[in-house]
Structure formats: structure tokens, C-alpha cells
Amino acid sequence: MGELMSSNSLPKYYTKSLENGLQIVAIPMDNGSNVVSTDIFYKVGSKDEKMGKSGIAHMLEHLNFKSTKNLKSGEFDEIVKGFGGVNNASTSFDYTHYYIKSSSKNMAKSLELFAELMENLTLKDEEFQPERDVVAEERRWRTDNNPMGYMQFRLFNNAYIYHPYHWTPIGFMNDIKNWDIKDIKNFHSTFYQPKNAIVVVAGDINKDEVFEQTIKYFNNIKNDKEIVRQSYTVEPKQDGAKRLIVKKDSQVEMLAMAYHIPSFEHKDQVALSALSELLSSGKSSILHKVLVDEKKLVNSIYAYNIELKDPGLFLFFAVCNQDVKTKTVEKEILKIIKDIKKGNISKKDIEKIKINTKADFIFSLENSSSVASLLGSYFVRDNIKPLFEYEEDIEKLKKSDIIEVAKKYLIKDNSTTVILKKGEKDEKEEL
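Residues numbered from 1 in each chain as written. Predicted model: local features only at pLDDT ≥ 70, side-chain atom pairs only at ≥ 80, totals over all residues. Heavy atoms only, no water.

Colleague: Would you take a moment to explain the overall build of the protein for this structure?
Modeller: A tally of helices and strands in the protein yields 16 helices and 11 strands. Taking 431 residues into account, the globule formula puts the C-alpha radius of gyration at 22 Å, and the protein, at 23 Å, falls close to it. The principal-axis extent of the C-alpha atoms belonging to the protein is close to 65 × 65 × 40 Å. Partitioning the contacts of the protein with sequence separation of at least 6, the portion at a separation of at least 24 is 81%. A total accessible area of about 20,600 Å² is found for the protein, and carbon and sulfur atoms account for 51% of it. (Helix = DSSP H or I, 4+ residues; strand = E, 2+ residues; numbered from the N terminus. Rg over C-alpha atoms; globule rule 2.2 N^0.38 Å. Contact = heavy atoms within 4.5 Å. Areas by Shrake-Rupley, 256 points an atom, 1.4 Å probe, with all protein chains shown as cover.)

See the structure below:
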């Protein structure tokens, strides 16, 4: 039985640390695909920013593709395109992630490019100024002029008051306008050091070659300074429900509800994921069946748990149909939550969750990019244990576990509700 218990579908990985503190993770996938994903993760996200300088981690992600000592601005992208590769980057609350997906023979070149960015980024003011405008435009496009994006931003502003998850990685518009190049340079020299980075290579490649090439390009990069992370307050336990109405130019009303949950390392995450699956995965999920099909109240609805390095949130988002009030939708969602707490879940539901979750998990492991992203996201948060226990924990999941987490976290005093209404000038106030 011992072997069965520890079996999981995750590919074997090999890891090595260099003297300068850089960690390397090699994940050979002998699938004959001739494809490799070469990734670098930095242990820095919007959580490491301070109020007044929000959005800087994301700004730096943009600037990373500008000029370096040996590359002109835009040359990084040209080189990657030139060898048929695809590259991208993302900034989250907890970390920053860059990747190049290419044929296996271009892994070494990809590593060379990432080493160049780490060591030799020039960060010129004349490249920074126009890129700041690009980021401000992105903030307008995704947040200020997008009702759903705006509601999400306001939800985090209110669910977290003390902790830096108070803002999403795009940051506040006034902060974007106020950074200067010195702020960016300081942020880069602090967080973009070998000791704060992990190189993850997954795909059709052997581990020795990954180690050899990474050592070749990264071994001599020095750490410049001590990494001083700002201290911040852990979000205190919420002492009562929070409700917020935001007005926005929108054709329909929208609703967001958030409940505080523990961090990604907590054992309850498996049951919370199963709960989100039960509520909103696919057309046969409870929320979709009741609110979209039967009652025709919403155009779209979903629920999911955000697993973060510090305690995260279990979220509900709903976009109402024309002329439907959020109050009606909220009532229905709360009724469904109550039903789950009472135990109105069938054995069949649990079996379905197990089968689907496992299938999704295994499917995500067929592709080198998602393997690198998945393993990297745990390595960069300093704990891969939850990932390696995930399948076994899903297997052991019981109906009572789902009821338990619903009762424990989905409670009124632990909630933040944001209602987005049409912003009309002379609206009669409803008391």
C-alpha cells in the first residue's frame, strides 16, 4: 500500500542551488515533443510594495524587455521570435514570472537572455517614461473603464485594509503617475538578484544539460545587496460584515463577495478548491444551474479560492442580467451556501469533483509551460509540499470536509460584499 499512497502524476524534478543562491529546477519530460519551457521566477510581487509606491513590481516586469548592456530595447523579443519562440511575463501578488517556450535546442539561448536581463538591465529614464504611460493605459483599460475589473480592485481595497493585498498588482493610478526611475532601480537591485530567483526548465530536455547551461550563464552573477523586505501587518480577523456600493457606468449591476481563507499551505485548501468546483465548474455546477439556467438572473457567475502566500480569499463574482438587482442574486447565492452547510451534497457530486479535479490536474501536466508554471509557483513560495500531496488529499476528500469549510469560512462576519450599480446622477436613494 505504501507505494500507492505516495503515487502522484507529477513529473520527477531535479534541483540544484548555485553558490550565489540561485535555485535551478529541471523537469525532464521525455515526451519526444522537442519543446521546452524556460522560466525564471523572482520572489517579489505586489506584496513587497509599500503604500504610495504600489504597482512597481508590474512596472518593472514591463521594463525588463527594454535595453540592457548588450541588447537594444525590443531586441529580446526579436531574438526570441527569430528562433520561433514565444515569451511572456506576469506579476502576481506574491511573485513575478517570465518564460520562453521554444524548441529544446534554444534552451541555452533563452537562459542567456534571462541572465542578461538579471545582470545588465539599464533602466533608462527615457525608456521608463513612455512605458509608464503604457501601464497607466493598461490600468484605465482593465480597471478604471472596465466595470468588472474595477469591482475586483475595490473588493481587494476593502477585504484587505492593513495588508498589501489591499491593492492588486496593477497598483493605484496616482502611484503609477508618481514613481520615478530611482524607485524602479532600487526595486530591481533589491529583488532581481540570483539569491531571490529560481530558474525552472520543463520539457524535452535532460537535467544535466539544464544544470550545465544555467551554471554557465548565471554562476558569475553577483548579489549586490541585502534583501530587506518591508514588514507589514497580517490582516486581523474581520470583526463584522463589510458592504460597499460602487457606482460605475455599467449597463447591468454586478456583485462580488469575498470571504477570508487561510494561505496556500493550509490543509483546508483542498476542500475549498472542491467547494469552488462544486459551485461553479462548468454548466452542471450549482450556481450555473440555479442562477443562469433556472432563474435566469445572471449572465455569468463564478466562485473560486485564491491561494496566496499569505491568507487569501474565497470569491464570488456575478454579472446580473438586464434589470436584475444584485439583492436578488445575493439572496440566491446565500441560500445555496446555506444548503451546502446543511449537507445537501450528494455522494455523486463528490465523486464527480474527484474525477474532474484529477482529470484537470493530469491534463495540466501534459504541457511543458503549465508544468513549469505549476511547480514554479510552489517553489517560488517556498513550499512544494501541498502540490505533492494534492492528488492524495483529493482522493481522501469527504463530503463532511466540504461542509466543514463552508461552515468555517463562508460566514457573514467574515465577508466583504461589493455591489456595482449604474452611476446615475439623480438616483433616488433606497434606504
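Colleague: What should I look at first to understand the packing of helix α14 (residues 368-379) against helix α15 (residues 385-396) in this one?
Modeller: Axes are the key here: two packed helices are described by the angle between their axes and the distance separating the axes. For the pair α14 and α15, the least separation of the axes is 8 Å and the interaxial angle reads 125°. Classed by the angle they form, the pair α14 and α15 counts as oblique. Of α15, the residues touching α14 (which contributes Leu374, Leu375 and Tyr378) are Pro386, Leu387 and Phe388. Partitioning the contact of α14 with α15 into residue classes produces 6 nonpolar, no polar and no charged. (Axes fitted to C-alpha atoms, helices over the stretch in contact; angles between N-to-C directions. Parallel < 35°, antiparallel > 145°, perpendicular 65-115°, else oblique. Nonpolar A, V, L, I, M, F, W, Y, C, P; charged D, E, K, R; others polar.)

Colleague: Sorry, what's going on with the environment of Asn356 here?
Modeller: Note that Asn356 resides in helix α13 (residues 347-364). Note: C-alpha distance between Asn356 and Glu277 (79 residues apart in sequence) is 8.8 Å.

Colleague: How should I be thinking about the layout of surface pockets in this particular structure?
Modeller: It is the rolling of a water-molecule-sized probe over the atoms that shows where space remains empty. Of the voids in this model, the largest pocket is the one considered here, and its volume is about 860 Å³. Only α10 (269-280), β9 (298-306), α13, α14 and α15 provide two or more residues apiece to the lining of the largest pocket. Here the element with the most residues in the lining of the largest pocket is α15; it accounts for 7 residues. For the lining of the largest pocket, the class distribution of residues is 16 nonpolar, 11 polar and 10 charged. When its volume is computed, the second largest pocket comes out at roughly 590 Å³. Lining the second largest pocket are 23 residues, and of these Thr91, Arg142, Thr168, Pro169 and Ile170 lie nearest its centre. Those elements that place two or more of their residues in the lining of the second largest pocket are α2 (56-63), β4 (86-91), α5 (125-144), α6 (147-159), β9 and β10 (313-320). The greatest single-element share of the lining of the second largest pocket, amounting to 4 residues, is contributed by α6. Taken together, the residues that form the lining of the second largest pocket break down as 10 nonpolar, 10 polar and 3 charged. (1 Å grid on protein atoms, 1.4 Å probe; cavity = no way out; pocket = protein on both sides within 12 Å on 5 of 7 lines; lining within 4 Å. Points joined across faces, edges and corners; volume = space filled by probe spheres on them.)

Colleague: Would you take a moment to explain the pairing of strand β11 (residues 415-422) for this structure?
Modeller: Look at any regular strand and the pattern is simple: side chains alternate between the two faces of the sheet. Within β11, 7 of the 8 residues are buried, which leaves it mostly tucked inside the rest of the structure. The sheet contact formed by strand β8 (residues 254-260) and β11 spans 6 bridges and is antiparallel. Each bridged residue has a counterpart across the sheet, and for Met254 the counterpart in β11 is Leu420. (Buried < 20%, exposed > 50% of the residue type's maximum accessible area, 1.4 Å probe, protein only. Pairing = 2+ DSSP bridges.)

Colleague: Would you take a moment to explain empty space enclosed by the protein for this structure?
Modeller: Taken as a whole and judged by the stated rule, the model has 1 cavity of 30 Å³ or more. Lining the largest cavity we find Ile40, Tyr42, Asn64, Tyr98, Phe114, Leu117, Met118 and Tyr192. Per-element accounting of the lining of the largest cavity gives the leading share, 3 residues, to helix α4 (residues 107-120). Classifying every residue of the lining of the largest cavity by side-chain character gives 7 nonpolar, 1 polar and no charged.

Colleague: Whenever I open this one, the sheet that holds β11 confuses me. Can you help?
Modeller: As a general point, the strands of a sheet are linked pairwise by backbone hydrogen bonds and lie either parallel or antiparallel. With respect to topology, 5 strands assemble into an open sheet ordered β7-β11-β8-β10-β9, the strand pairing being mixed. The open sheet has two edge strands with one neighbour each: β7 (242-248) and β9. Going from strand to strand, the sheet's axes swing by 10° on average, the running direction of each strand aside. Pairing analysis gives 8 bridges linking β9 to β10, with the strands arranged antiparallel. Each bridged residue has a counterpart across the sheet, and for Ser300 the counterpart in β10 is Val319. α10 contacts β9 and β10 of the sheet and is inclined by roughly 170° relative to β9.

Colleague: It is not clear to me how the pattern of salt bridges should be interpreted in this structure. Could you clarify?
Modeller: Pairing between side chains becomes possible if they bear opposite charge and their charged atoms approach one another. One pass over the full model with this rule turns up 20 salt bridges. For Glu112, the salt bridge goes to Lys109, with nearest N and O atoms at 3.3 Å. Within this pair, Glu112 and its partner Lys109 are both found in helix α4, separated by 3 residues, close to a single helical turn. Where Glu253 meets Lys325, a salt bridge forms, and the shortest distance between an N and an O atom there is 3.3 Å. Highlighted residues: Glu253 in the loop between β7 and β8 and Lys325 in the loop between β10 and α12 (326-341), separated in sequence by 72 residues. Linked through salt bridges whose partners overlap, the residues forming this network are Lys267, Lys385, Glu389 and Asp393. (Salt bridge = Lys/Arg side-chain N within 4 Å of Asp/Glu carboxyl O.)

Colleague: Looking at this structure, how should I read the sheet that holds strand β2 (residues 23-28)?
Modeller: The sheet built from 6 strands is open, its strands ordered β1-β2-β6-β3-β5-β4 with mixed pairing. At either margin of the open sheet sits one strand with a lone partner, and together these are β1 (14-17) and β4. Ignoring which end each strand starts from, the neighbouring axes of this sheet average 15° apart. Its contacts with the sheet put helix α9 (residues 207-218) on β1, β2, β3 (35-42) and β6 (197-203), and the angle it makes with β2 is roughly 150°.

Colleague: Even after reading the chapter, I still don't get the packing of aromatic side chains, so can you show me in this structure?
Modeller: Evaluation of the coordinates by the stated rule reveals 23 aromatic pairs. Residues Phe187 and Phe191 carry aromatic rings whose centres are separated by 4.8 Å and whose planes lie at 55° to one another, so their mutual orientation is tilted. Pair noted here: Phe187 and Phe191 are both in helix α8 (residues 181-191), with a separation of 4 residues, about one helical turn. Given a relative accessible area of 9%, Phe187 falls into the buried group. For the pair Phe361 and Tyr390, a centre-to-centre distance of 5.1 Å together with 45° between the ring planes defines the contact as tilted. (Phe/Tyr/Trp six-rings, centres within 6.5 Å; stacked < 30°, edge-to-face > 60°.)

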